[in-house]
Amino acid sequence: MLTQVRTPVLFTHHMRGIAPETGDRLGALSDEQAAQARLLMGSAGVKVGYESVPDASHTMHQSRYTQTEEDRTTVAGVRYAWRVEAADCDVVIIVAAPDPRRVPGAMDDLDAFAGRISVRA
């Protein structure tokens, strides 16, 4: 399935690790599994961005689609969030577009914008 990807991908690799008591893996993917997934998607010829955010929860990016009540237009939105422990606060960015095709194309800009946000303790 991953070799059939046809659109650019931003792969955010979130919280992961090994439980010290049991040795069980924590999180969705190990580093090795993430590397293999990136290799498979890249072999399809698409751009694969990668961000390792081991301290971020798995809800860092959330995509939502809805329809307006007036004319049933599909609207796409992305919620991008993370926690800044040093400042004891959460940062949330929400973007939406009336054309769902525009949202994936804006992810590089959104990531760059998010990377410039600084929260002081």
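Just above sits the structure.
Owing to the predicted nature of the structure, the values given are computational and were not obtained by experimental measurement. (Residues numbered from 1 in each chain as written. Predicted model: local features only at pLDDT ≥ 70, side-chain atom pairs only at ≥ 80, totals over all residues. Heavy atoms only, no water.)

Chemist: Describe the pattern of salt bridges, with residues and values.
Modeler: Taken as a whole and assessed by the stated rule, the structure comprises 2 salt bridges. Between Arg-16 and Asp-31 there is a salt bridge, with its nearest N and O atoms 2.6 Å apart. Here Asp-31 lies in helix H1 (residues 31-42) and Arg-16 lies in the loop between strand E1 (9-13) and strand E2 (17-18), a separation of 15 residues in the sequence. A residue is classified by how much of its surface remains accessible, and Asp-31, at 44% relative accessible area, is partly exposed. Residue Arg-25 is joined to Glu-32 by a salt bridge in which the shortest nitrogen-to-oxygen separation is 4.0 Å. Across the pair, exposure class does not vary: Arg-25 and Glu-32 are exposed alike. (Salt bridge = Lys/Arg side-chain N within 4 Å of Asp/Glu carboxyl O. Helix = DSSP H or I, 4+ residues; strand = E, 2+ residues; numbered from the N terminus. Buried < 20%, exposed > 50% of the residue type's maximum accessible area, 1.4 Å probe, protein only.)

Chemist: An account of helix H3 (residues 107-115) is needed here, citing residue identities and associated values.
Modeler: An α-helical segment advances 3.6 residues per turn. Residues three or four places apart therefore align on the same side. Those residues of H3 lying buried are Met-107, Leu-110, Asp-111 and Ala-114. Considered in projection along H3, the buried side chains sweep an arc of 100 degrees and stay on one side of the axis. (Arc of directions from axis to C-beta.)

Chemist: Account for the pairing of strand E7 (residues 89-97), naming residues and giving values.
Modeler: For strand E6 (residues 74-84) and E7, the ladder comprises 9 bridges, and the chain directions are antiparallel. Across the sheet, the residue bridging to Ala-81 is Val-92, located in E7. What sits between the antiparallel neighbours E6 and E7 is a turn of 4 residues, in which Asp-88 has the positive phi angle 55 degrees. (Pairing = 2+ DSSP bridges.)

Chemist: Hey, could you go over the nonpolar core for me, with residue numbers and the actual values?
Modeler: If you look at the biggest cluster of nonpolar residues, it comprises 9 residues: Ala-76, Val-78, Tyr-80, Ile-93, Ala-97, Val-103, Met-107, Leu-110 and Ala-114. Elements with a minimum of two residues in this core: E6, E7 and H3. Residues in contact with Ile-93, not counting those within four places in the same chain, are Val-78, Arg-79, Tyr-80, Trp-82, Leu-110, Phe-113, Ala-114 and Ile-117. By size, the runner-up hydrophobic cluster in this structure holds 6 residues, among which are Val-5, Phe-11, Ala-34 and Met-41. (Core = buried A, V, L, I, M, F, W, Y, C linked by side-chain atoms within 4.5 Å. Contact = heavy atoms within 4.5 Å.)

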